[in-house]
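# Tertiary structure, described
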Amino acid sequence: MTTHSNAYDETTDVDLDLIQDSDAEDESTSSGYDQELSLEGLELEERQALRRVVGMSTELTDISEVEYRKLLLERVLLVGVWTEGSAEDAENSLAELKLLAETAGSEVLDGVIQRRKKPDAATFIGSGKVQDLRNLVAALGADTVIADGELAPAQLRNLEDKLKVKVVDRTALILDIFAQHAKSKEGKAQVELAQLQYMKQRLRGWGGNLSRQAGGRVGAAGGGIGGRGPGETKIETDRRRINTKISKLRRELNALKGTRSTMRQERRRHSIPSVAIAGYTNAGKSSLLNKITGAGVLVENALFATLDPTTRRTTTSDGRVYTFTDTVGFVRHLPHDIVEAFRSTLEEVADADLLLHVVDGSHPDPLAQIQAVREVLNEIGASDVPEIIVINKGDLADPMALAPILHREPRALVVSARTGEGIDKLKSLVEAALPRPDVAVDALLPYDRGDLVSRIHSEGSVDQLEHTADGTRLTARVHADLAGDLAPYAVWQ
């Protein structure tokens, strides 16, 4: 039976200039809009109109899924402003917003784009298009509008007043996803801190009643006892409460940061090299970690499925121990509050000896993903970490689309965490790129010092080993601390 009606049927009263070319004569022209990507072929009126992006509505096929979404999911309309780049770039950005909205638990009804030189300071899309957007919201039956950008408090308030539905920007949407997926104590504290920092600047956007003075409305002056004089508005009370909570969360995160720092120092003390896995969200970082180390980390085809970093030990082919750390995924226009709140976690990337930059090879624009990730890496001070570009999902990727990356990035490799393609070659590249011990030693160790022999195998590189009547003779390369422990057993030529 029919479970979801098309919002764009023949009975809709919405001005069709919002969603299709004004010269259209039948329904087929709306699907051909994506063929006119350049501005040269568009009239002035068409350039300025909201343009529907084809394929934005969430497909509902399974009956149980339909019933679930009807009960629990918001019905949202996406709106973006195309200010630079090609139309394809703008549509890719809105397509990513659709995935974010569905990850947060929404049913996407449709998406429109407005072409402007820059977002309108008052209403984001321009005052002339707000009424058109309101008509579209009413026709679709949407209860939420999600803007593909970060809205200022005034823009948020103005849009909500005019559209009469809830308005959410890209930043709030990402924060909501993080709040759903945070599992550890540290992750929950980091997300709450980012949300409070975002909320503190936008208290006015959530209702005009926040500007009223606290206390009763008694007496001619309207204030009553305790309400005369300058008073204190509710928004000031809320802002102070938020600042108090932010201070408490910062103290908790500093304590948790100390624990993480102690663990890193312990690894450094034993000179254990570390490899950080970073990259775009849903690029397959957790799948890659599982494939290499057998970590058993949650793998899900969803954006930001895992937020908490996972560190696992593994060994090289010659027995040296090193660690792999899976980190939170990045996305275009990752909110600054998220970067700040997760800084202690992202330090795992900055302190790593090697970075595996994972890219989704099946994505329509993998080069844009690389650029977005590198912007965040530069912000956290990890731009100088040696990097290997790992193009994952090679079994789904178009070789022609990957050619520009392989040509531009000398240390790039195509792999598939699902099929295992290229994993062995990746391990060899990682082993070759890891820092090697630089102190040469020649030692004769008594058989009761097997602990030192074990440390040489795990922390150093053994060149030659011989069992003699007096003990174990080894020539190896180790780090300075271990060389000091081996000094009493050194063999002098």
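This text follows the structure it describes.
The present account deals with the structure reproduced in this document. Starting afresh in each chain, residues are numbered from 1 along the sequence in its written order. Side-chain atom pairs in this predicted model are given and counted only at pLDDT of 80 or more, local residue features only at pLDDT of at least 70, and totals for whole chains, interfaces and linings cover all residues. Remark: hydrogens and water are excluded; side-chain values derive from all non-hydrogen atoms of the structure.

## Remarks on the overall build of the protein
This is how it is decided: Secondary structure elements are taken from DSSP: a helix is a run of H or I of four residues or more, a strand is a run of E of two residues or more, and numbering for both begins at the N terminus. Note on classification: 1.4 Å probe, protein chains only; a residue is buried when its accessible area is under 20% of the maximum for its type, exposed when over 50%, partly exposed between these limits. A contact between two residues is defined here by any heavy atoms of the two lying within 4.5 Å. Using the Shrake-Rupley algorithm and a 1.4 Å probe, accessible areas are obtained, with residue cover drawn only from the displayed protein chains.
Assigned secondary structure in the protein consists of 17 helices and 14 strands. In the protein, which comprises 493 residues, the share counted as buried stands at 48%. A separation threshold of at least 6 residues defines the contact pool for the protein, and within that pool the share at least 24 residues apart is 70%. Accessible surface, the protein: about 24600 Å² in total, of which carbon and sulfur atoms supply 49%.

## Topic: the layout of surface pockets
Basically, it comes down to this: Of the grid points, spaced at 1 Å and generated over the protein atoms alone, those admitting a 1.4 Å probe that cannot get out make up cavities, while open sets with protein on both sides within 12 Å along at least five of seven lines make up pockets; any residue with an atom within 4 Å of a point is treated as lining. Grid points are joined across faces, edges and corners, and a volume is the space filled by probe spheres set on the points. For this classification, the nonpolar set comprises Ala, Val, Leu, Ile, Met, Phe, Trp, Tyr, Cys and Pro, the charged set comprises Asp, Glu, Lys and Arg, and every other residue, Gly included, is treated as polar.
Estimates place the volume of the largest pocket at around 690 Å³. Forming the walls of the largest pocket are 28 residues, and the residues nearest its centre are Glu84, Asp89, Ser93, Arg332 and His333. Sorting the residues of the lining of the largest pocket by element identifies strand E2 (74-82), helix H4 (87-104) and helix H13 (366-379) as the ones contributing at least two each. No other element matches H13, which puts 6 residues into the lining of the largest pocket. Considered class by class, the residues forming the lining of the largest pocket number 13 nonpolar, 7 polar and 8 charged.

## Structural notes on the pairing of strand E10 (residues 387-392)
Short version of the rule: If DSSP finds at least two bridges between two strands, the strands pair. A crossover gets the label right-handed when its path from the first strand over the helix to the second runs clockwise, viewed with the strands pointing away from the viewer.
Of all 6 residues that make up E10, 6 are buried, and the element is covered over most of its length. Of the two faces of E10, the one lined by Glu387, Ile389 and Ile391 and the one lined by Ile388, Val390 and Asn392 are each fully buried. Where strand E9 (residues 354-360) lies against E10, 6 bridges are found, and the strand directions are parallel. Each residue of the ladder has a partner; that of leucine 356, found in E10, is isoleucine 388. Handedness of the E9-H13-E10 crossover: right-handed. Where E10 meets strand E11 (residues 412-414), 3 bridges bridge the pair, whose relative direction is parallel.

## Quick notes on the packing of helix H10 (residues 285-293) against helix H15 (residues 423-433)
Packed helices, taken two at a time, are described by the angle their axes make and the gap between the axes. Our working rule: For helices, the axis comes from a line fit to the C-alpha atoms of the stretch in contact; other axes are also lines fit to C-alpha atoms, and the angle between any two N-to-C directions lies between 0 and 180 degrees. When describing relative orientation, an angle under 35 degrees is termed roughly parallel and one over 145 degrees roughly antiparallel, while 65 to 115 degrees is termed roughly perpendicular and anything else oblique.
At their nearest, the axes of H10 and H15 sit 11 Å apart, and the two run at 85 degrees to each other. Relative to H15, the element H10 lies roughly perpendicular. Between H10 and H15, the contacting residues are Leu288, Lys291 and Ile292 on the first element and Ile423, Leu426 and Lys427 on the second. Class assignment of the residues belonging to the contact of H10 with H15 gives a composition of 4 nonpolar, no polar and 2 charged.

## A look at the packing of helix H5 (residues 127-140) against helix H6 (residues 153-163)
We count it as follows: Definitions for this section: a left-handed crossing has its near helix turned counterclockwise from the far helix by less than a right angle. A right-handed crossing has that turn clockwise.
H6 packs onto H5 with a crossing angle of 50 degrees between their chain directions and a minimal axis gap of 9 Å. Taken together, H5 and H6 sit at an angle that is classed as oblique. Crossing of H5 against H6: the hand is right-handed. On H6, the residues touching Val130, Leu133 and Arg134 of H5 are Leu159, Lys162 and Leu163.

## Comments concerning the pairing of strand E8 (residues 321-326)
Most of E8 is tucked away, with 6 of its 6 residues classed as buried. Here E8 shows two buried faces, one formed by Val321, Thr323 and Thr325 and the other by Tyr322, Phe324 and Asp326. Pairing analysis gives 4 bridges linking strand E6 (residues 274-279) to E8, with the strands arranged parallel. The residue of E8 that forms the bridge with isoleucine 277 is aspartate 326. Alignment of strand E7 (residues 310-315) against E8, held across 6 bridges, turns out to be antiparallel. Among the inter-strand pairings, arginine 313 is bridged to a residue of E8, identified as threonine 323. Counting the residues that bridge the hairpin from E7 to E8 gives 5 residues, and of these glycine 319 lies at a positive phi of roughly 95 degrees.

That's the geometry; what it means functionally is another story.
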